[in-house]
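Given next are the chains, with one letter for each unit.
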Amino acid sequence: MTTAFTTVGTPVARAEGPDKVSGQTLYTADVDLPGMLWGKVLRSPFPHARIVNIDVSRAQEAPGVRAALTGRDIPPALVGRLLRDCPVLARDRVRFVGEKVAAVAADNPEAAQEALLLIDVEYEELPAVFDASEAMQASAPSLHPDIESYVGLPQPPSPMNNVFAHNRWGKGEVEQGFRESDRVFEHTFSAQLMHQGYIEPHACVVRVDDSGRVEMWVNNKAPFNLRSQLSAVWDIPENRITLHPISIGGDFGGKGSFMDTPLCYYLAIHSGRPVKMVMDYLQELMAANPRHPADIALKTGVKNDGTLLAREASVVFNSGAYGAFKPRVYLGGADHLGGAYQVPHVSIDSYMVYTNNVPCGHMRAPAKPQVHFAVESHMDMIAAELGLDPYEFRLRNVIRQGDETPTGGSWEEVRAEETIRRAAQASGWGQPKDRPNAGRGMAISDQPPGAGQSEASVAIDAEGKVEIRMALWDTGTGAHTMLRQVVAEELTVPVDDVRFTVQNTDAVAFDSGSGGSRVTYTAGQTALGAARDLKAKLVQQAAGLYETEKEYVTLQGGTFVIEGTPAQTVPITEVTARVISEPGNAIIGEMTYSATNSPVTSYCTQVAEVEVDPETGQVRVEKIVTVHDVGAIINPMTHQGQIEGGVIQGMGYALMEELVAEEGRISNLTLGDYKIPTMPDIPKLETVLLEPSTGPAPFQSKGIGESSNVPVAGAIANAVYDAVGARVTSLPITPEKVLRAIRERESNKP
Amino acid sequence: MDYQISLKVNSTDYQQQVPARRLLVDFLRYDLGLTGTKEGCSVGVCGACAVLLDGEMVASCITLAVAADGAEITTIEGIAEGGRLHPVQQAFIDHGGFQCGICTPGQVIAAKALLDVNPTPTEDEIRQWMMGNLCRCTGYYGILESVINAARTLQEQAR
């Protein structure tokens, strides 16, 4: 069945467009308050050390300095998104290079920066551990001996050294599965430390008034959660804290953390002035909350015909010095180590490990890019051993309607197979390549729309102009435009008559914010619910005006149709003009909504086509086909934008991006050294969207924010193997690694 | 030490005392309040801080304000003409050329700088020229489309 939409499904241009292209949109670093100071932090140069002494007295007396703080000047409470294990300023010891040890607030950024040079810190270096597997050994230094006292651990920590979360998933009897298998394959993989690469660094502005009320501007995409974290660490009630809406200059999972906000408050308190803190990009690359490195071991049992029987998997995430930067203690995507396949016996172990590296956080589909790189590479390695085509091998095992997932769950409307078939078709799978050293590789993953909570009101004024009010910040995805389209569709009014107003955190009780491919579903259903409530009220009003019952009134094309002989039609604007007498008044629909877990997921299969230079190992991605199992598309332009941005992020992950740490010190500390893709790097991109299926979001839509960045690395790794027979099992796939793999292959030749 | 500089920014004359080490990006953003120019990488490689200095694109995060003495500067706030968006700006709206918008001022400046000197660039010339402007949201496809279409519009207008 196709439903005729008027606004949904059209590429409505974003309302914020004119402001964004002319420099008028306000971001956190642009906020300027009267009397505002600049805050800067001094960071640890050591990965693990005891702080013997800090002396800020010279900094305190420097010109323009209004406050200089150490950990001793503020309460000892620890902060965290869930697990509270991170000091606001280090007290007795530092656990990574870049940890904050002192802070100053001064009249201008130059004075603050100069004052940092006047702070004397005496350290006593302690033995450090950087490798996660080493950290798990009993002989390694214990980085958080007081872990039992921390707030926020959902389960007791593992008895293993430095392991603050050990999670297990699975089903069946994996040992039995291996016994029944004809062949068993074991491979290990590793994935690197990666920065989210948003162009806007973390920033915050904090103002505290004489009564202790706190106002903040922060580029944080989950402001209600942040408010709750800050309330806990500052020990003041949430209703004393207001976060004002601000545009966010890129998120990709990285802008959900508290970052400098807890500290900025103490600088404001101690200086008696509003304080702004802006991380420069050097600090971003050194000490923000990058994507976790992972070591993954996979063991898989198969029948000779290629049927998967058993999967044993473990992933060790190098979480760095603190677990505080994750909204859950573990990374949910670790449960994808069974892949998008039907596997009867599965056992998955995930370990979150403290080390003396930068603490890691969330990035776009947390854990899934690591996991699917490993799983999809492993699949091709098995296929090669069995002499099967990787596409055929996937088709044999891919999860289908009615199958249990590898962790014992189930989805409705499973369309994994269709995405694989369409990807093969669109990429010319199996056809000869048009040049030497070219290869194709395939990978599949899935990402369901995420659940969450939201609150909306939709108001209509006397002129029939509609306003959506929600406390949902703009992270750049186009969510506000998507919501305007949803509301316009429901109220049958032109989308240009619907505007979106972002509210502050005082306006509603809670909003989960952006993330987890959640917004179209959670915020979408909330806005739709509020629009429905408004529509019901308008119908009631129209019925009253025409002295009939609401059952006899319908709304079509911006006009009420009132049944009767003859039927009467009356535009919405006439009803609103008659009913709303006072200027400035409005009729308001409301909705508070808590989304449950989606019954459907969304599969994505990609095929990468690469050319490898066998002399240098350089990989050039020529083309990527990305196939998506979608619902209805609300805005094709913003939907496609998410796919394109995700694919190129995935390509950066696969080929070039790595925060290189030596003994915990990151050495590529500028965007000139930490390479992200640029315009000349982008390959030809072919997007295939399956026929819209059902989805839990408005008008049968789904989320699209994360999926496209997940399979890319696996597809590229498999394409490199197809091109030159070189199997690279660690990300990123640099020319050096490719060359080494080519030489290994040649030396293994009989 | 402070220096007196006089310069024209978006057609307005300014005479100002600035410290020797004040960067042009900070001068524009915090002394003049023109916060449309963004600071990303702080080392002149991401392009977010791009402005036109006497018609040439420069990274204002690695340019001293004193180096702009006597110059004419155009920032993102000065691109629209007579309250109407420049065709480059309109193209970025129509063709998905931005998402979060933080790199957009620099992208628009870079695209305009290209089309000012090369009104009919090939796709490859656009890709090479725009290499110095990082974007993490779009994957560049929408930006490329925007520049191609802006060139087309400007050509049509010139006819």
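Residues numbered from 1 in each chain as written. Chains lettered and ligands numbered in written order. Predicted model: local features only at pLDDT ≥ 70, side-chain atom pairs only at ≥ 80, totals over all residues.

With that out of the way, let us pick up the sheet that holds strand β30 (residues 684-689) of chain A. The strands making up a sheet associate through hydrogen bonds between their backbones, and the pairing can be parallel or antiparallel. All names here are of chain A. Strand order in the open sheet formed by four strands is β18-β26-β27-β30, with mixed pairing between adjacent strands. Each edge of the open sheet is held by one strand with a lone partner, namely β18 (438-446) and β30. Averaged over all pairs of adjacent strands, the angle between their axes in this sheet comes to 15°, without regard to strand direction. Both strand β27 (residues 619-628) and β30 contribute to a ladder of six bridges, which runs parallel. In the sheet register, T626 faces β30, and the bridge partner there is T687. In the packing of helix α11 (residues 416-427) onto the sheet, contacts are made with β18, β26 (603-612), β27 and β30, and the angle to β26 comes to roughly 30°. The sheet contacts of helix α16 (residues 712-724) involve β18, β26 and β27, and relative to β18 the element is tilted by about 155°. (Pairing = 2+ DSSP bridges. Helix = DSSP H or I, 4+ residues; strand = E, 2+ residues; numbered from the N terminus. Axes fitted to C-alpha atoms, helices over the stretch in contact; angles between N-to-C directions. Contact = placed C-beta atoms within 7 Å.)

Moving on, we come to the packing of helix α15 (residues 636-655) of chain A against α16 of chain A. Each pair of packed helices can be described by the angle between their axes along with the distance between the axes. Residues and elements named next belong to chain A. Axis separation between α15 and α16 bottoms out at 8 Å; the angle between their running directions is 50°. Taken together, α15 and α16 sit at an angle that is classed as oblique. Regarding α15 and α16, the two cross each other, and that crossing is right-handed. Here V647, G650, M651, Y653, A654 and L655 of α15 come into contact with α16, specifically with V712, A713, I716 and A717. Partitioned by chemical class, the residues of the contact of α15 with α16 number nine nonpolar, one polar and no charged. (Parallel < 35°, antiparallel > 145°, perpendicular 65-115°, else oblique. Left-handed = near helix turned anticlockwise from the far one by under 90°. Nonpolar A, V, L, I, M, F, W, Y, C, P; charged D, E, K, R; others polar.)

So, about the packing of helix α12 (residues 479-491) of chain A against helix α13 (residues 519-545) of chain A. Residues and elements named next belong to chain A. One can describe the packing of α12 onto α13 by two numbers: an axis separation of 9 Å at closest approach and a directional angle of 35°. α12 and α13 meet at a crossing whose hand is right-handed. Of the residues in α13, those touching α12 at A479, M482, L483, V486, V487, E490 and L491 are V519, T520, A523, G524, A527, L528, A531, R532, L534 and K535. Grouping the amino acids of the contact of α12 with α13 by side-chain chemistry returns twelve nonpolar, two polar and three charged.

What follows is about unusual backbone geometry. Between T565 of chain A and the following residue, P566 of chain A, the backbone shows a cis peptide bond with an omega angle of -5°. Inspection of the secondary structure assignment puts P566 of chain A in the loop between β23 (559-562) and β24 (568-571). Following L731 of chain A, the chain continues to P732 of chain A via a peptide bond in cis, the omega torsion being -5°. Looking at the secondary structure, you find P732 of chain A in the loop between α16 and α17 (735-747). Not every positive phi belongs to a glycine, and S11 of chain B is a case in point at roughly 75°. Tracing the backbone shows S11 of chain B in the loop between β1 (2-9) and β2 (12-19). On the basis of neighbour counts, which here come to 9 C-beta atoms within 10 Å, the residue S11 of chain B falls in the exposed class. The phi dihedral of D54 of chain B is positive, around 50°, even though this residue is not glycine. Counting through the fold element by element, D54 of chain B comes out in the loop between β3 (50-53) and β4 (56-59). (Buried ≥ 20, exposed ≤ 12 C-beta atoms within 10 Å, placed from the backbone.)

This part is about the confidence of the model for chain B. Across chain B, the average pLDDT comes to 97, with 100% of residues at or above 70. This complex was scored by the predictor with a pTM of 0.97 and an ipTM of 0.98. (pLDDT = per-residue confidence, 0-100.)

Residues and elements named next belong to chain A. Within the open sheet, the seven strands sit side by side as β3-β7-β1-β14-β11-β12-β13. Their pairing is mixed. Strands with a single pairing partner mark the edges of an open sheet, and in this sheet they are β3 (65-70) and β13 (241-244). This sheet shows a mean twist of 20° between the axes of neighbouring strands, independent of strand direction. Note that β3 and strand β7 (residues 100-106) share five bridges and pair antiparallel. Residue T70 lies in a different strand from β7, and its bridge partner there is A102. Sitting on the sheet, helix α7 (residues 261-271) is in contact with β1 (37-43), β3, β7, β11 (203-208), β12 (214-218) and β14 (275-278), with an inclination near 40° to β11.

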